[in-house]
Amino acid sequence: GDDGVDEDLDGDRDCRDSECAADATCLAQACPEQSLTAPGTLSGTTVGLQDDFTPSCNAYSFSPDETISFTAPNTATYRFDTAGTACNSIVYVLDGCGGAELACDDGFYATDSVDVALTAGQTVIVVVDGNYYNEGDYTLNVAELP
């Protein structure tokens, strides 16, 4: 359930607990897990999350991933990158939850960065994923390009 309590005392609450992830309430919440309403920076962790998506740019992504919704305030090109992320990450952008992949970058041990043209009001899902079996703290940066 979604009661904010760690019932089995394993350090993961509610839908972030792998034992509860298949619950209907959790499946409905799986995407997005977070949201960013304007260009900026969002930090989080993939530790304890599920491996929900596999990016086109790396078939060896067996790591937990985080989904973040972003709605473009303006018609522009936006850069999504993981500068400042501690683990080896992958970043990709989907046209909605379960939608077509719009861009993907696996910079291996470098910063991952994708540029995506969006129209004002368009909502996309940004996925921060780990490369191979990497998981950990991440930083997602979103910037509107001139």
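Residues numbered from 1 in each chain as written. Predicted model: local features only at pLDDT ≥ 70, side-chain atom pairs only at ≥ 80, totals over all residues. Heavy atoms only, no water.

A. The arrangement of the sheet that holds strand S6 (residues 101-105) in detail. As summarised here, the arrangement of the 5 strands in space is S1-S3-S8-S5-S6, forming an open sheet in which the pairing is mixed. The open sheet has two edge strands with one neighbour each: strand S1 (34-36) and S6. Averaged over all pairs of adjacent strands, the angle between their axes in this sheet comes to 25°, without regard to strand direction. Pairing of strand S5 (residues 89-94) with S6, which is carried by 4 bridges, proceeds in the antiparallel orientation. In the sheet register, valine 91 faces S6, and the bridge partner there is aspartate 105. (Pairing = 2+ DSSP bridges. Helix = DSSP H or I, 4+ residues; strand = E, 2+ residues; numbered from the N terminus. Axes fitted to C-alpha atoms, helices over the stretch in contact; angles between N-to-C directions.)

B. Spotlight on the confidence of the model for the chain. Mean pLDDT over the chain works out to 82, with 76% of the residues at or above the 70 mark. When pLDDT is averaged over each helix and strand of the chain, the minimum, 54, is found for helix H1 (residues 24-29) and the maximum, 97, for strand S4 (residues 76-81). (pLDDT = per-residue confidence, 0-100.)

C. Geometry of the packing of aromatic side chains. Applying the stated criterion across every chain, the model contains 2 aromatic pairs. Between phenylalanine 70 and tyrosine 78 the ring centres are 5.3 Å apart and the planes differ by 65°, which places this aromatic pair in the edge-to-face class. Residues phenylalanine 70 and tyrosine 78 agree in their burial class; the two are buried. Residues phenylalanine 70 and phenylalanine 80 carry aromatic rings whose centres are separated by 5.7 Å and whose planes lie at 80° to one another, so their mutual orientation is edge-to-face. With phenylalanine 70 in strand S3 (residues 65-71) and phenylalanine 80 in strand S4, the pair connects residues that are 10 residues apart, well separated along the chain. Taking relative accessible area as the criterion, phenylalanine 80 reaches 0% and is therefore assigned buried. Put simply, the rings of Phe70, Tyr78 and Phe80 touch in pairs and so form one group of aromatic residues. (Phe/Tyr/Trp six-rings, centres within 6.5 Å; stacked < 30°, edge-to-face > 60°. Buried < 20%, exposed > 50% of the residue type's maximum accessible area, 1.4 Å probe, protein only.)

D. The arrangement of the pairing of S3 in detail. Of all 7 residues making up S3, 6 are buried, and the element is well covered by its neighbours. Relative to S3, S1 runs parallel, the two sharing 3 bridges. By the bridge assignment, leucine 36 is partnered in S3 with phenylalanine 70. Note: S3 against strand S8 (residues 123-130), 7 bridges, orientation antiparallel. Counted as the bridge partner of serine 69 is isoleucine 125 from S8.

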